[in-house]
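# Observations on chain architecture
The lines below spell out each chain.
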Amino acid sequence: MLELKSVFDTQSEVVPWLVKGKLTPLDENGESTNLSRTDLQIINVEKNGGVVFTWKGKKGTTCVGLHDLHKKQNKLLYIFDREVSLISCSVNKERTLLAVSILQSAGRGIPLNTFRPVSRCLTLLIEIHPANNTKVLKAIDSNVRVQFLYQDSDARMLPESHLLMISEDRCIEHIRIRVIIEEGYRVIIQDPDHLPKEIVAEDFFWAQWDTETQRLFYIMEKESIAVLMCIQFYLDRSNEMVMSLSLGFPLIVTRLRLVNFGHNYFHEEEKSSESLNLQIFTNHAGALSVCYSHPMQNDQELIYSVILLHYGWRKTFRVSLENVQTSKCACISDLVFLNVGYYIAVYVPGYFLHLINIQHPNLTCHSLFLSGDDAKVKPWNPQCYALSSSDLLLDCHLGKIYKPVLNPQLLMLFMQNSKLVCHQRAAIHCAILYLQCNSDVESQIIRWLCGLSASACEDLIQEFILGTLYREAVSETNALAKLLPCSSLVNWKGDIPGITCTTENILQSAGKRIHDCKVFWEVMNTNMESLKNLESLHNSLYTTNSLGRMKSRLLSGMKVDARAIRHFTNALETAKMILSKVDSLSPEERVVPFCQEEDCQQMELIGLMSEKLKEHVLKHAHSLGKKKINVIVNNYVANLLECIWKIVDTIWKNYGLGAHSLCLSNREEVNSAEFVVFHMMIWVLQAVEGLSLPLPPGYHTIHMVLGARCLPLHSLLHYIDFGLLHPTEQFVTRLIEELDNSEINERFKLSIMARIPEIIEQKICCLWDHPISTSHVARNYVKILLKKRSTQQKSRPIFIREQDPFETEFLPLTYLARILTEVEHQAPNPFEAQQNVDVKFVEDVALKQTLILLGLENK
């Protein structure tokens, strides 16, 4: 599933330039020859995408060049007049100074007489703009790595450069190099014999240079415990110790390991238990992850930990190897950590690939644990890889630079074939947020969701909706990344087969040993606060809350006070503004005609949700300004409606439904596809209502139309009674207008009319051109009569006449008829001016409705 995408290849991007410029050895005909991969080597990668490489030039020379990954341009930096063995090389940002470490004895059997062999390793500082002077910085017997510091500055020429020298005798020096410009272009080192130096670290067992953040990490031993130190180099080239964190395990290693200081081709760094397998990854979002493997206790289990310093957590993973089918035995030195941006990849070739989510690590089900064919990384050669920068891999032997990326096709295939809910959640989360999926990928996900069981589908629809909304909102402004949920889950306590995870809060042990580093504490506090904010947002918006209670009021037609009416009026205005944006969000032609009716209930919910979100964002991100927050939140709600619309629209297109499926008059012409789509819309409805989110206006109407077409009457009524279907004013209106007055249709209309809210009944009763439409008048009449009777004195005896021989034996109906007969002449008729209502008619209506309630209307 994980692939290495080539971003640089010396054979295709450097060799043609060398041959064209005749910078390679010449053949017998005086033509430049192609270089083999062993003769053209990548030696370092700088912060700004500059790849430093070296090759054998003409007449036994050694050349140093630079390739710009962004501009795709090559530049010759320096030529040594003899063959030398470069073990480290770095160029400053201005391309005026070159620092190199030269091995006096290359080990190839070729004597080097370029410099007097006083020491094994010689470190030089060379002026290359133009080539002038050479300064010896260090001459010792141990190898030395060099690395220039880079700063983010627009200045073309800076008066001072800074260089780190890392010697394998466990000492790191910081050198300040001042330069002057002569004759307008000649860059000369000022006072080269007295360059200021300071030792920034010594007696360490492991060190790593972070090119992106310009931080130096190293590990020392204090009281037999490994302690991680961090030095930050700032814009003015000053430095400060910003972190001292106890890692909590003893140092049992003896060999030094250097990470991200270039590659020494004359000293192969073999991985073994004698060196510490630890790497640190950072990204632009402020994440800082410390990854390390534990000593292997047996052949059946691998243990590794990831410290998420930006959350203050240490996650320790134990992977069981018992069920892995392989002929070789896993070794802890085979375990590799890779930076995949949104994830940290832990890879053991032939065993497993674990993609740890570092942006949202609170839910383990959002990380992918793969084995078998899904866990292959292609192409992969464990003998050749060394990490060169934050998210790049250097293949030193082939002269290539790769970027690890997830294959979208393989991820979608894994998602579709997965049977475990944890894998499905992780895959859909990855597809939506990491891949930044387009409309085609979204359609694939929706079609896949259609084939799942009802329970799994509902949860994953919620994941899809909130993940999509999160992606759109964060792309608009990153300030919302910590304020909005990307998942419907607040916590998850399930198990992932083959791996166990334990989480430890390292803040309790670290305390203020992370010194007064503003960056670390701000990011950490922001992340921890975001978890609390998201939990409160779930409680106030996506669960049973005031919005849900207000929704119940709207659906039941309950009366609200004047303040609530003003509130609803403002909500309606906001909803109209949001709905005006929805149509412009999708250029595709839609099949499902949502947003075509005045659905006041959903519009009021849309406005109320917008108000709740504005309060939440304004509370935690007030610096954005009220005006911008209004725009952001309105876009968020509009994207919500568009997402639900797209889900339903994709389902309809997938099953070939169209306008013919919205006709009530041809209910007999129903196919199986309509039945499937009807149930899928139930899943969408339950998923959305489970989060107390609004639906696009018209959703309930279209759903009711499909239900009326697909279901027999008793099933339809059952769905309505249980709240899975909601009769709307538009649906009942269409029901009256499109169906004729046949006996079956009249029974169908009456059954629906008996279940609609009173507020809708009052609006549409006059549309039914049938005697039964007066049932509304009759019910109100009975209601008033009984109300008046209840206010009379309770001591008044009730006259019970003898039963008429022709009177029905159904006691509730008999009682109602007797009551009406008794009070008929005592109470004034409030509807007398409108029309006459006789008791016999009321009796017929009551009988019919009673039979319907008892399910006896067909008997």
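Below you will find a few notes about this structure. (Residues numbered from 1 in each chain as written. Predicted model: local features only at pLDDT ≥ 70, side-chain atom pairs only at ≥ 80, totals over all residues. Heavy atoms only, no water.)

### Section: the overall build of the protein chain
Where we set the bar: By the criteria applied, helices consist of DSSP H or I runs no shorter than four residues and strands consist of E runs no shorter than two, each listed in order from the N terminus. Accessibility here uses a 1.4 Å probe with only protein chains present; expressed as a share of the type maximum, an area under 20% marks a residue as buried, one over 50% as exposed, and anything in between as partly exposed. In this description, contact between two residues means that some pair of their heavy atoms is separated by no more than 4.5 Å. Note on areas: these come from Shrake-Rupley sampling with a 1.4 Å probe, and a residue is covered only by the protein chains present in the view.
When its secondary structure is counted, the protein chain shows 21 helices and 32 strands. Out of the 859 residues in the protein chain, the part that is buried amounts to 54%. Within the protein chain, counting contacts between residues at least 6 apart in sequence, those at least 24 apart form 60% of the total. Carbon together with sulfur atoms contributes 51% to the accessible area of the protein chain, which is approximately 39,500 Å² in total.

### Comments concerning the packing of aromatic side chains
Applied cut-off: What counts as a ring pair is set by centres within 6.5 Å for rings of Phe, Tyr and Trp (its six-membered ring), and what kind of pair is set by the plane angle: stacked under 30 degrees, edge-to-face over 60, tilted for all other angles. The criterion is that NZ of a Lys, or CZ of an Arg, lies within 6 Å of the ring centre and within 35 degrees of the ring normal, and then a charge sits over that ring.
The tally for this structure, following the rule as stated, stands at 16 aromatic pairs. Considering the side-chain rings of Trp17 and Trp55, the 6.3 Å spacing of their centres and the 75° angle between planes classify their relative orientation as edge-to-face. Pair noted here: Trp17 is in helix H2 (residues 15-20) and Trp55 is in strand E3 (residues 50-56), with a separation of 38 residues, a long-range link. Seen from their ring centres, Tyr78 and Phe80 are 4.9 Å apart, and the 75° between their planes marks the pair as edge-to-face. Through a chain of ring-to-ring contacts, the aromatic side chains of Tyr304, Phe317, Phe352 and Phe369 assemble into a single cluster. A cation over an aromatic ring shows up here: Arg590 above the ring of Trp645, its NZ or CZ 4.0 Å from the ring centre.

### Quick notes on the packing of helix H6 (residues 454-476) against helix H13 (residues 672-690)
Put simply, the test is: Every axis in this analysis is a line fitted to C-alpha atoms, fitted for helices over the stretch in contact. Angles between the N-to-C directions lie between 0 and 180 degrees. What sets the label is the angle itself: under 35 degrees gives roughly parallel, over 145 gives roughly antiparallel, 65 to 115 gives roughly perpendicular, and the rest give oblique. When the near helix sits turned anticlockwise from the far one by under a right angle, the crossing is termed left-handed; a clockwise turn instead gives a right-handed crossing. Throughout this entry, Asp, Glu, Lys and Arg are counted as charged residues, while Ala, Val, Leu, Ile, Met, Phe, Trp, Tyr, Cys and Pro are counted as nonpolar. The remaining residues, Gly among them, count as polar.
Orientation of H6 relative to H13, taken along the N-to-C sense of each, is 55°, at an axis distance of 9 Å. Judged by the inter-axis angle, H6 sits oblique to H13. Where H6 crosses over H13, the handedness of that crossing is right-handed. Contacts between H6 and H13 involve Ala454, Cys457, Glu458, Ile461, Gln462 and Ile465 from the first element and Trp683, Val684, Gln686, Ala687, Val688 and Gly690 from the second. Taken together, the residues that form the contact of H6 with H13 break down as eight nonpolar, three polar and one charged.

### Quick notes on the sheet that holds strand E18 (residues 239-246)
The cut-off we apply is this: Strands pair, by our definition, only if DSSP identifies at least two bridges between them.
Ordered in space as E18-E17-E16-E15-E19, the five strands form an open sheet in which the pairing is mixed. Two strands close off the open sheet at either side, each with one partner strand: E18 and strand E19 (257-259). The mean angle between the axes of side-by-side strands here comes to 20°, regardless of whether they run parallel or antiparallel.

### Here's the deal with the sheet that holds strand E21 (residues 288-293)
Strand order in the open sheet made by the five strands is E20-E21-E22-E23-E32, with antiparallel pairing throughout. For this open sheet the edge positions go to strand E20 (278-282) and strand E32 (499-505), each flanked by a neighbour on one side alone. With direction set aside, neighbouring strand axes in the sheet form an average angle of 20°. Of the strand pairs in this sheet, E21 and strand E22 (residues 301-308) are connected by five bridges, and their pairing is antiparallel. Bridge pairing in E22 links Ser289 to Leu308.

### Some thoughts on the pattern of salt bridges
It is possible for side chains of opposite charge to pair when their charged atoms get near one another. Applied cut-off: Each reported salt bridge corresponds to a side-chain nitrogen of Lys or Arg within 4 Å of a carboxyl oxygen of Asp or Glu.
Within the structure shown, the criterion is met by 22 salt bridges. We note a salt bridge from Asp459 to Arg425, for which the minimum N-O separation is 3.9 Å. Placement of the pair is Asp459 in helix H6 and Arg425 in helix H4 (residues 421-434), with a sequence separation of 34 residues. Overall, the relative accessible area of 32% leaves Asp459 in the partly exposed class.

### Things to note about the nonpolar core
Under the convention used in this document: The term nonpolar core refers to a set of buried residues drawn from Ala, Val, Leu, Ile, Met, Phe, Trp, Tyr and Cys, joined through side-chain atoms within 4.5 Å.
By size, the foremost hydrophobic cluster in this structure holds 122 residues, and its most contacted members are Ile445, Leu449, Trp652 and Ile752. Tallying contributions element by element places helix H12 (residues 626-654) first for this core, with 15 residues. Excluding anything up to four places from it in sequence, Trp652 contacts Val591, Val592, Leu657, Gly658, Ser661, Leu662, Val677, Met681, Ile702 and Leu706. Val64, Leu77, Leu98 and Ile175 belong to the second largest nonpolar core, which has 38 residues in total.

### Observations regarding a nonpolar patch on the surface
Definition in use: Within this analysis, patches are made of residues with over 30% relative accessible area and no salt bridge. Like charges are joined at 9 Å or less; nonpolar side chains (Val, Leu, Ile, Met, Phe, Trp, Tyr) at 5 Å or less.
A contiguous nonpolar patch, built from Leu847, Leu851, Leu854 and Leu856 and spanning about 290 Å² of accessible area, is present on the exposed surface. In this structure, Leu851 sits in helix H21 (residues 839-853). Residue class for Leu851 comes out partly exposed when judged on its relative accessible area of 31%.

### Re the side chain of Glu642
Here Glu642 lies in helix H12. Taking the relative accessible area as the measure of exposure, Glu642 reaches 12% and is therefore buried. Not counting chain neighbours up to four residues away, the residues in contact with Glu642 comprise Val582, Leu585, Ser586 and Arg590.

### Some thoughts on the packing of helix H11 (residues 600-620) against H12
Packing of H11 against H12 brings their axes to within 9 Å, and their N-to-C directions diverge by 135°. When the axes of H11 and H12 are compared, the pair comes out oblique. Here H11 runs over H12; the crossing is right-handed. Seen from H11, the contacting residues are Ile606, Met609, Ser610, Leu613, Lys614, Val617 and Leu618; seen from H12, they are Ile629, Asn630, Val633, Asn634, Tyr636, Val637, Leu640 and Leu641. For the contact of H11 with H12, the residue count by class is 11 nonpolar, three polar and one charged.

### Observations concerning unusual backbone geometry
Excluding glycine, residues mostly have negative phi values, and the peptide bonds linking residues are mostly trans. Of the consecutive residues His129 and Pro130, the connecting peptide bond is found in the cis state with omega at -5°. Locating Pro130 in the fold gives a position in the loop between strand E8 (121-128) and strand E9 (131-140). Cis rather than trans, the peptide bond between Lys378 and Pro379 has omega equal to -15°. Tracing the sequence through the fold places Pro379 in the loop between strand E28 (377-378) and strand E29 (385-389). Residues other than glycine seldom take positive phi values, yet Arg95 does so here, at roughly 65°. With respect to the element layout, Arg95 can be found in the loop between strand E6 (85-91) and strand E7 (97-103). The phi torsion at Asp203 lies on the positive side, around 55°, for a residue other than glycine. Structurally, Asp203 can be placed in the loop between strand E14 (197-202) and strand E15 (206-210). You can call Asp203 exposed: its relative accessible area is 54%.

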